[in-house]
Amino acid sequence: MKALLPLALLLAGCSAPARDGAGGGIVSTNPCADAILIELVDPARITAISQYSHNPAASSIAADVARRFPATAGTAEEVIALHPSLVLTSSFTPIATRVAYERAGLKILVMDSPITIAASKAQIDLVAAAVDARAKGRALNARIDAAAQAAVPKDGKRPAALLFIAGDLVNGSGTLLDELLTHAGFRDAAADYGLASTGSLPIETIIARPPRVIMTPDATARTAALRRRVLARTGANTTEVAFPRNLVNCGGPTIIPALAELAKIRRSLS
């Protein structure tokens, strides 16, 4: 298990103190932070969430839930104008934007992308502490632990699995999804094809060594349909199943339904 990626709580210290003014709520520009935040705090405390959470292809939040909150593109001007008491942002946010937040006196929490269940739980603890919701953070992590325990198979077998994220892009090693696959009783087959990390995998490579199961977010997509036809013609013992796109975007509370779905797929192969 890889070490937890550093998570930094950055406090402004070079200008005026954080303003409550007309705002004072919490703003998130990080779609994965959105999902955690919605679990931990009263909706009235959330001033805005990331624009990505309003996009079903990029969100791990149900569309009807995401639409309850205003969305922000995360630009410095837009966020500063909201006068938030806390900004949850991403390590991918440009440094210049983060510096602008700081200079405006905003308190910010910069979050990386966890690549293990443990790292994701630590991130939940970090957010829970920042929003004064430690008890809810512990409760969420307890639900993750219960989901992880329930997902462990009893037969000890590890069927080879490929989990496609989109098109011919397949999940590889060193990711949270890789750990979830392993935890639910699969062997991530990406390494069988020379993939050291997430990357593209053409059909020609797969048919030379078909996995036991292929998980895909859109079975009707052209690439998936072609792959299915080719594998059928070779007589491969490969089962193709749907794995919802919204379960591959984030960790946090998304781990719970992701493990449940993987466990269901694993049981269907027995």
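For the structure given in this document, a descriptive report is provided here.

Each value, and the rule that gives it
Residues numbered from 1 in each chain as written. Predicted model: local features only at pLDDT ≥ 70, side-chain atom pairs only at ≥ 80, totals over all residues. Heavy atoms only, no water. Helix = DSSP H or I, 4+ residues; strand = E, 2+ residues; numbered from the N terminus. Buried < 20%, exposed > 50% of the residue type's maximum accessible area, 1.4 Å probe, protein only. Polar contact = N/O pair within 3.5 Å; in protein donor to acceptor, adjacent residues only side chain to side chain. Contact = heavy atoms within 4.5 Å. Core = buried A, V, L, I, M, F, W, Y, C linked by side-chain atoms within 4.5 Å. Pairing = 2+ DSSP bridges. Right-handed = clockwise from strand over helix to strand, strands pointing away.

**Section: the side chain of Asn171**
Piece 1. Mapped onto the secondary structure, Asn171 falls in the loop between strand S8 (169–170) and helix H7 (176–183).
Piece 2. Judged by its relative accessible area of 2%, Asn171 is buried.
Piece 3. Separated by 2.9 Å, the side chains of Asn171 and Thr175 make a polar contact.
Piece 4. Polar contacts involving the side chain of Asn171 include one to the side chain of Asp188, which spans 3.4 Å.
Piece 5. Not counting the four nearest positions on each side in its chain, Asn171 is found in contact with Leu163, Ile165, Leu177, Asp178, Leu181, Asp188, Ala190 and Thr198.

**Regarding the nonpolar core**
The tendency in soluble globular proteins is for nonpolar side chains to be buried side by side.
Piece 1. Counting residues in hydrophobic clusters, the biggest one holds 51 residues, and the most contacted among them are Leu40, Leu88, Val131, Leu180, Phe186, Met215 and Phe243.
Piece 2. In terms of nonpolar packing, the next biggest core, distinct from the first, is built from twelve residues, Ala160, Val170, Ala190 and Leu201 among them.

**Some details on H7**
The α-helix advances 3.6 residues per turn, and as a result positions three or four apart in sequence lie on the same side.
Piece 1. Judged by how many residues are buried, H7 sits mostly within the fold: six of eight residues are covered.
Piece 2. The inward-facing, buried residues of H7 contact helix H5 (117–130), strand S7 (160–166), strand S9 (187–188), strand S11 (213–216) and helix H10 (255–268).
Piece 3. Remark: Gly185 follows H7 within two positions and exhibits a positive phi of approximately 100°.

**Here we look at the pairing of strand S12 (residues 239–242)**
Piece 1. Of the strand pairs in this sheet, S11 and S12 are connected by four bridges, and their pairing is parallel. Bridging across to S12, Thr216 finds its partner in Ala242.
Piece 2. Each parallel crossover has a hand, and for S11 linked through helix H9 (residues 222–234) to S12 it is right-handed.

Honestly, that's just the spatial picture; any functional story needs more than this.
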